[in-house]
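Given next are the chains, with one letter for each unit.
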Amino acid sequence: MTDATPNTRRDFLKTSSAAAIGAGLLGSLSRNAFAAGDETIKIGIVGCGGRGTGATSQALSTARDANETAGPVKLVAMGDAFADHLESKYTLLKTKFGDQVQVDDDHKFTGFDAYKKVIASDVDLVILATPPGFRPIHFEAAVAAGKNVFMEKPVAVDAPGIRKVLAAVKAAKEKDLKVGVGLQRHHQWHYMEALKRIHDGAIGDVLATRVYWNSGGVWDPRKTREECSGEMEYQMRNWYYYNWLCGDHINEQHIHNLDVGNWIQQDFPIECMGMGGREVRKDKKYGEIFDHFAVEYSYENGSKMFSQCRHQRGTKSDVNEFAHGTKGGASLDGNTLAELTGENAWSYGGRRAKRNDPYQTEHDDLFNAIRKNQPYNEGEYGAMSTLTAIMGRMAAYTGQVVTRKAALESEVDLMPENFAWDAMPKNLPNENGEYAIPIPGITKTI
Ligand SMILES: NC(=O)c1ccc[n+]([C@@H]2O[C@H](COP(=O)([O-])OP(=O)(O)OC[C@H]3O[C@@H](n4cnc5c(N)ncnc54)[C@H](O)[C@@H]3O)[C@@H](O)[C@H]2O)c1
């Protein structure tokens, strides 16, 4: 560990540039509504799955004594498409957090409209953690209702969704609402330290980055067709494998690494080209998504980002980011945590170095901003990094060069016309239960 490595979170906040954005932009504005007579921040959750429960736990944990942002937090409303998901996660959270969880039966909402009811409850902040297809609709509604938001990444699956989110981000800023996005590397000490040095010129001009999420993949489909009431439930239960819900794994997962590439560049790519396909995960139960992508992105300053993501079991796992500059290189891998080479060589300190839990820190920072009424909005880079992933998907699906402008202006809307259990998604299987798979050279996505 170098002497610059922060020993405590408080030390770190003194030195980090990200803290200047997240916690240091002092606002002298009036307190938010939550504080009217009571310091309790009341939260509601939409999407009670793995991450929604995790994010709720972290939000509730901002109340713990040792935390400088501490203050009372209560969960008062929960919403999920499925009652079984909601009840199991309610029990889990109640067991863990006791009186901090005060969700009576009248504030447990299910179905497609659950988000409206959570947002209409007496909550100060909503956690949006459904599959990303719904995020633009839910985020727009939360901002319209004047709620602070923590929303998971990615924030959309298509261009109409991105445009909706960008408009709501603007509205949130105008209303002085706080918006956190679950790209937690922005709150992870070794990333913050390394990025600060890169932005200070430690590796010179960045010529290229390489970013990877190569792994064995995620969960297998959870329910069979026979176990579901129809096509809508089948796709919703197995959401990862359908683009209107997930946006493919380049969007759902690899966004983290693409976002680090953008953060390094302090910009978003202007165009990309790429390839991908479905080599191993071919069974019809895997819906319509690819199992590998390789995309080359170009930035306005001429630099490149080379990206790979793979979901193939038995292949080399690699979730990392690297940068190559005129004076040295940067590695943000799991071994050194962060290391710079060249003229200004530096290391965060390897596996034994002090780490933080970025999932917790992102909530500490958001709640700190709410309590102090400081500007806080991560929505724009959340949306633009999501667009980076979506344009990579468009390039790989079509085999064409895709510009950011064309991607952002695309009118292809993946979402169903209606949301109901007997409504139909747009992508339907053939009589054998097989979905159309994108074919480069034939498929059009813009
Ligand atoms: N930041 C991270 O590191 C990280 C890690 C995991 C997941 N995530 C993100 O969190 C989100 C959720 O992922 P997950 O792993 O928790 O999935 P999950 O399947 O465990 O949970 C999703 C939940 O949303 C519910 N849901 C679906 N549609 C809904 C709707 N219209 N209204 C209300 N509820 C609805 C589902 O029933 C389910 O309970 C995704 O966007 C994912 O990318 C982020």
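What you see is a predicted model; the values in this text were computed from it and never measured.

1. With respect to the site of the ligand
Part 1 of the argument: Of all residues adjacent to the ligand, which total 28 residues, the nearest are Arg51, Asp80, His85, Arg135 and Glu252.
Part 2 of the argument: Backbone polar atom of arginine 51 to an oxygen atom of the ligand: 2.8 Å apart, as the coordinates give it.
Part 3 of the argument: The side chain of histidine 256 places a nitrogen or oxygen atom 3.4 Å from an oxygen atom of the ligand.
Part 4 of the argument: In the complex, the protein chains occlude 90% of the 840 Å² of accessible area that the ligand would expose alone.

2. Thoughts on the domain arrangement of the protein chain
Part 1 of the argument: The domain boundaries assigned to the protein chain delineate domain 1 (9–185 + 372–379) and domain 2 (190–354 + 382–409).
Part 2 of the argument: Using only C-alpha atoms to locate each centre, domain 1 and domain 2 end up separated by 25 Å.
Part 3 of the argument: Overall, the association of domain 1 and domain 2 removes approximately 2,700 Å² of surface from exposure, summing both partners, and the carbon and sulfur fraction of that is 68%.
Part 4 of the argument: On the domain 1 side of the interface with domain 2, the three residues burying the most area are Val157, Leu183 and Arg185, jointly 28% of the side's total.
Part 5 of the argument: Counting every contact that joins domain 1 to domain 2 gives three salt bridges.
Part 6 of the argument: Between lysine 153 and glutamate 252 there is a salt bridge, with its nearest N and O atoms 3.5 Å apart.
Part 7 of the argument: For the side of domain 1 that touches domain 2, the elements supplying multiple residues, two or more each, are helix H1 (9–15), helix H2 (17–22), helix H4 (83–97) and helix H7 (159–174).
Part 8 of the argument: Grouping the constituent residues of the side of domain 1 that touches domain 2 by class yields 19 nonpolar, eight polar and six charged.

3. Observations regarding helix H6 (residues 135–144)
Part 1 of the argument: All of the buried residues in H6 are Arg135, Pro136, His138, Phe139, Ala142 and Val143. Each buried residue of H6 sits inside an arc of 165° when the element is viewed along its axis, so together they form one side.
Part 2 of the argument: Residues of H6 that are buried make contact with strand S1 (41–46), helix H5 (114–120), strand S4 (125–128), strand S5 (148–151), H7 and strand S6 (179–181).
Part 3 of the argument: Directly after H6, the chain includes glycine 146, whose backbone phi takes a positive value near 80°.

4. Focus on the sheet that holds strand S9 (residues 292–298)
Pairing between the strands of a sheet comes from backbone hydrogen bonds, and it takes one of two forms, parallel or antiparallel.
Part 1 of the argument: Overall, mixed pairing links the nine strands, which are arranged S14-S13-S12-S11-S7-S10-S9-S8-S15 in an open sheet. Two strands close off the open sheet at either side, each with one partner strand: strand S14 (346–347) and strand S15 (402–403).
Part 2 of the argument: In terms of strand pairing, strand S7 (residues 206–215) meets strand S11 (residues 318–325) through eight bridges, oriented antiparallel. Among the inter-strand pairings, tryptophan 213 is bridged to a residue of S11, identified as valine 319.
Part 3 of the argument: Each of strand S8 (271–277), S9, strand S10 (304–311) and S15 touches helix H13 (residues 379–398); the most contacted strand, S8, lies at about 60° to it.

5. So, the confidence of the model for the protein chain
Part 1 of the argument: Averaged over every residue, the pLDDT of the protein chain is 91; residues scoring 70 or more account for 91%.
Part 2 of the argument: Confidence drops under pLDDT 50 across residues 1–31; counting only partners more than four residues distant or on other chains, this segment forms 61 contacts.

6. As for the packing of aromatic side chains
Aromatic ring pairs: the centre-centre distance and the angle between the two ring planes describe each pair.
Part 1 of the argument: With the rule as written, the count across this model stands at 19 aromatic pairs.
Part 2 of the argument: Measuring from centroid to centroid gives 5.4 Å for tryptophan 239 and tyrosine 240, while their planes differ by 35°, and the two rings are tilted. In this pair, the class of tryptophan 239 matches that of tyrosine 240, namely buried.
Part 3 of the argument: Here a set of aromatic residues connected by ring pairs shows up, and it is made of Phe82, Phe112, Phe134, Trp244, Phe419 and Trp421.
Part 4 of the argument: Between arginine 225 and the ring centre of tyrosine 234, over which it is positioned, the NZ or CZ distance is 4.2 Å.
Part 5 of the argument: A cation sits over an aromatic face here: arginine 237 above phenylalanine 82, 3.7 Å from the ring centre.

7. Structural notes on the pattern of salt bridges
Part 1 of the argument: What the rule picks out here adds up to 21 salt bridges.
Part 2 of the argument: Of the charged contacts, one joins aspartate 364 and arginine 64 as a salt bridge, the two residues approaching to 3.5 Å between their closest N and O atoms. Taken together, the residues span a long stretch of sequence, with aspartate 364 in helix H12 (residues 358–372) and arginine 64 in the loop between helix H3 (50–61) and strand S2 (73–80) at a distance of 300 residues.
Part 3 of the argument: By relative accessible area, which is 36% here, arginine 64 ends up partly exposed.
Part 4 of the argument: Note that arginine 237 and aspartate 84 form a salt bridge whose closest N and O atoms lie 3.1 Å from each other. Placement of the pair is arginine 237 in helix H9 (residues 231–237) and aspartate 84 in helix H4, with a sequence separation of 153 residues.

8. A look at the state of the cysteines
Part 1 of the argument: Taken as a whole and judged by the stated rule, the model has zero disulfides.
Part 2 of the argument: A disulfide-free cysteine, cysteine 48 has its sulfur positioned 19 Å from the sulfur of cysteine 228, the nearest such atom.
Part 3 of the argument: In this model cysteine 309 remains outside any disulfide bridge; the closest cysteine sulfur is found in cysteine 246, 11 Å from its own.

9. Concerning unusual backbone geometry
Part 1 of the argument: A cis amide bond links lysine 153 with the next residue in sequence, proline 154, at an omega value of -25°.
Part 2 of the argument: Within the secondary structure, proline 154 sits in the loop between S5 and H7.
Part 3 of the argument: Positive phi, normally seen in glycine, also occurs at glutamine 266, with a value near 55°.

10. A look at the packing of H6 against H7
Part 1 of the argument: The geometry of H6 relative to H7 is characterised by a closest axis approach of 9 Å and an angle of 20° between their N-to-C directions. In this view, H6 runs roughly parallel relative to H7, as classed from their interaxial angle. As H6 runs across H7, the sense of the crossing is left-handed. Contact with H6, carried on its side by Pro136, Ile137, Phe139, Glu140 and Val143, involves Gly161, Lys164, Val165, Ala168, Val169, Ala171 and Ala172 of H7 and no other residues of that element.
Part 2 of the argument: Within the contact of H6 with H7, the residues separate by chemical class into nine nonpolar, one polar and two charged.

The rules behind the values
Residues numbered from 1 in each chain as written. Predicted model: local features only at pLDDT ≥ 70, side-chain atom pairs only at ≥ 80, totals over all residues. Heavy atoms only, no water. Near = heavy atom within 4 Å. Polar contact = N/O pair within 3.5 Å; in protein donor to acceptor, adjacent residues only side chain to side chain. Areas by Shrake-Rupley, 256 points an atom, 1.4 Å probe, with all protein chains shown as cover. Domains from an automatic or database assignment. Buried area = accessible area lost by both parts, 1.4 Å probe. Salt bridge = Lys/Arg side-chain N within 4 Å of Asp/Glu carboxyl O. Helix = DSSP H or I, 4+ residues; strand = E, 2+ residues; numbered from the N terminus. Nonpolar A, V, L, I, M, F, W, Y, C, P; charged D, E, K, R; others polar. Buried < 20%, exposed > 50% of the residue type's maximum accessible area, 1.4 Å probe, protein only. Arc of directions from axis to C-beta. Contact = heavy atoms within 4.5 Å. Pairing = 2+ DSSP bridges. Axes fitted to C-alpha atoms, helices over the stretch in contact; angles between N-to-C directions. pLDDT = per-residue confidence, 0-100. Phe/Tyr/Trp six-rings, centres within 6.5 Å; stacked < 30°, edge-to-face > 60°. Lys NZ or Arg CZ within 6 Å of the ring centre and 35° of its normal. Disulfide = S-S within 2.5 Å. Parallel < 35°, antiparallel > 145°, perpendicular 65-115°, else oblique. Left-handed = near helix turned anticlockwise from the far one by under 90°.

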